[in-house]
Amino acid sequence: EGFHDIMPDFRQKLAASGKNEASQKDLIKALYTIIMSMSQERVDSILNPLINGLAKQSFTKDDREFWVLKADKEYTKDGHIDRGIFSIYLLNLIHLRYGEAMYLGAGELHAYLEGVGMECMAGSDNVLRGGLTPKHVDIEELLNVLTFNSGKPDILNPVKTSETEALYETPAKEFMLSVIEVSLEKPHKNTGLHSADSLIVMEGEVEIRTNKETLRLRKGETVIIPAILGEYEITGEAMLYKVSVPAK
């Protein structure tokens, strides 16, 4: 209810848009534009009562309000509240379990909250911020590139491509992410045709053999295997992630 004055007719316009995706995008963009463009004084006047009220209650990590209070504690400076807190109510709250992943296309607003994860992304010259940061927020450019899509992203689980490798299937044309699990009985053999493969050991230790040399890697260590080296083999007891380039 404290957000009602930001855009009083938002719910009526949303209902009127029905299932028209273009109308919904325009409406969400209009709301987000107001949020990102309003004065700091107005941000404080709206969020202060909300946060003061939430501070008297208890929440779990499954509640958006838990993250609102955490963000306020970390990013409120000199009594001024970070407007990025509004986005907590606009975004999906997603809990990824061990081994799960999700794919976000370019222009999707997102925030990492807690835990250990690996982010794989295509080359970019315009990583833009939407708040919850002490760094500069380029509001005009942010509004230009965001998609304002609605809906939840699919949770991805790897699909087996061999005895030792499983692929996270995404529409990305720039990269592929897979997980490799090896044991003493099941080494991983990569064919001679591959891109520049980037490997990171998440658990255990491995030996990687190419036609040029043998390399031992421990947990947390990484290596790039150039395509020119051709076939390679991974042995040991370990779990690794591999980032490669799809064949054209």
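Quick look at the structure, then.

Conventions and cut-offs
Residues numbered from 1 in each chain as written. Predicted model: local features only at pLDDT ≥ 70, side-chain atom pairs only at ≥ 80, totals over all residues. Heavy atoms only, no water. Helix = DSSP H or I, 4+ residues; strand = E, 2+ residues; numbered from the N terminus. Rg over C-alpha atoms; globule rule 2.2 N^0.38 Å. Buried < 20%, exposed > 50% of the residue type's maximum accessible area, 1.4 Å probe, protein only. Contact = heavy atoms within 4.5 Å. Areas by Shrake-Rupley, 256 points an atom, 1.4 Å probe, with all protein chains shown as cover. Lys, Arg positive; Asp, Glu negative; His and termini not counted. Charge placed at Lys NZ, Arg CZ, Asp CG, Glu CD. Salt bridge = Lys/Arg side-chain N within 4 Å of Asp/Glu carboxyl O.

Here we take up the overall build of the chain. Across its full length, the chain carries six helices and ten strands. Whereas a compact globule of 248 residues would reach a radius of gyration of roughly 18 Å, the chain reaches 23 Å, over 25% beyond that. Dimensions of the chain, computed from C-alpha atoms along their principal axes, come out at roughly 65 × 40 × 30 Å. Across the 248 residues in the chain, those meeting the buried criterion constitute 31%. Residue pairs in contact within the chain that sit at least 24 positions apart in sequence constitute 66% of those at least 6 positions apart. Summed over its atoms, the accessible surface of the chain is roughly 16000 Å², and 52% of this surface lies on carbon and sulfur atoms. Across the chain, the mean location of the 28 positive side-chain charges is 1 Å away from that of the 38 negative side-chain charges.

Attention now goes to the pattern of salt bridges. Using the criterion set out here, one finds ten salt bridges in the structure. Ionic pairing is found between Glu163 and Lys186, a salt bridge with its closest N-O pair at 3.8 Å. With Glu163 in the loop between β3 (159–160) and β4 (165–168) and Lys186 in the loop between β5 (176–182) and β6 (188–190), this residue pair connects regions lying 23 residues apart in the sequence. Put simply, Glu205 and Arg218 hold a salt bridge, and the shortest N to O gap is 3.9 Å. Highlighted residues: Glu205 in strand β7 (residues 197–209) and Arg218 in the loop between β8 (214–217) and β9 (222–225), separated in sequence by 13 residues. Since its relative accessible area comes to 36%, Glu205 is described here as partly exposed. On the basis of relative accessible area, Arg218 is assigned to the exposed category, the value being 52%. One network of salt bridges, with partners in common, ties together Glu205, Glu207, Arg209, Arg216, Arg218 and Glu233.

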